[in-house]
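Descriptive structure summary
Each chain, written out:
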Amino acid sequence: MALATHPTTGRRRRAGADGGRRPGFLVYATLVGVLAASVFPLYYSFALPTRDNSAIGDSLLTLTPGGHLLDNIQRVYDTVDFWRALRNSLIISATVTACCVLLSSLAGFAFAKLPFRGRNALFVAVVITAMLPTQLGMIPLYMLMGKLGWIATLKAVIVPALVNAFAVFWMRQACDESVPYELVEAARVDGCSTLGTFWHVALPAIRPQAAVLAMFTFMATWNDFMWPLIVLDPSVTPTVQTALSSLASGYALDYTLILSGAAIGVLPLLLVFLLLSRQIVAGVMQGAVKG
């Protein structure tokens, strides 16, 4: 370990590989405390389903896992059709995420790099729609789904969420910052079409931002409760959130049953985060370097 000399006092102190001062004990203690505070709720949400209902009402905080996890999970699947709920939520979330990222990337690329008449006015109109409350359009949207005959079908949840204003704004900013005009012009000189330029030039450059959008979209669609509850039949086409609502609809709440269902329902979100974490970190680091 190299020793650095203070310019005024002449005292020597330890320096890191980059010549800077190493963080002290207080910094590490703070980081460990923040990490523990962040991880503890997640750990506790998985520890409680392994115990019985007596642990819920215990005045002492029980941190150790119990031996009732398999029994609680079995009770969840015996109470509601949770397999169908997981399948429906996976179909809805995966379809919405893939279409939203693709369509929003295309729209963002067009708004950022393709000159056409009324581009700015149209983009402002798209952004303004993001300011409207979602609940404001639920009644006319429900009437439209009824006229199309999509009530109680997954299409009623998938189609209205295929693209949204925030996603278009996000990808437009990503294309504006990460795709230089010089690369677009070079692709056109080489004879590449507009879609080819998007696919071979723009999409690789905005892949970290697309991964972040995919995670946000999947999470929002998976956790959506109000619209699936309105337009779907929980007994025929349940989702994870409506199934959890059914678990909590009894006169006497079985908290271990509800927490077991919630623990099962959060596993796909953790898996998606792990799959996209590398791209997400790359996007964050890219923004930090540019900042």
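Residues numbered from 1 in each chain as written. Predicted model: local features only at pLDDT ≥ 70, side-chain atom pairs only at ≥ 80, totals over all residues. Heavy atoms only, no water.

1. Considering helix α8 (residues 165-178)
Taking 1.5 Å of rise per residue, 14 residues should cover 20 Å, and α8 covers 20 Å from first to last C-alpha, within 8% of that figure. If you check which residues of α8 are buried, you get A165, A167, V168, M171, R172, A174, C175 and S178. Capping the start of α8 is the job of one residue whose side-chain oxygen sits 3.2 Å from the backbone nitrogen of F166: N164. (Helix = DSSP H or I, 4+ residues; strand = E, 2+ residues; numbered from the N terminus. Expected span 1.5 Å × (residues − 1). Buried < 20%, exposed > 50% of the residue type's maximum accessible area, 1.4 Å probe, protein only. Polar contact = N/O pair within 3.5 Å; in protein donor to acceptor, adjacent residues only side chain to side chain.)

2. Points about the nonpolar core
One broad rule of soluble globular proteins: the nonpolar side chains tend to lie buried together. If you look at the biggest cluster of nonpolar residues, it comprises 20 residues, and the most contacted ones within it are F109, M171, C175, V179 and I206. Elements represented by at least two residues in this core include exactly α4 (82-113), α8, α9 (181-189), α10 (194-205) and α11 (207-223). Per-element accounting of this core gives the leading share, five residues, to α4. In this structure, C175 is in contact with S105, G108, F109, A112, K113 and I206, ignoring residues within four places of it in sequence. In this structure, V76, F82, A243 and I264 belong to the second largest nonpolar core, which totals 16 residues. (Core = buried A, V, L, I, M, F, W, Y, C linked by side-chain atoms within 4.5 Å. Contact = heavy atoms within 4.5 Å.)

3. A word on the state of the cysteines
In the structure shown here, the tally under the stated rule is zero disulfides. C100 provides the cysteine sulfur closest to C99, a residue in no disulfide bond, and the two sulfurs are 8.7 Å apart. Residue classification places C99 among the partly exposed residues on the basis of a relative accessible area of 27%. (Disulfide = S-S within 2.5 Å.)

4. Side note on the side chain of T50
Inspection of the secondary structure puts T50 in the loop between α1 (25-47) and α2 (53-56). The class for T50 is buried, based on a relative accessible area of 7%. When sequence neighbours within four positions are dropped, the list of residues in contact with T50 reads P65, G66, G67, H68, L69 and N72.

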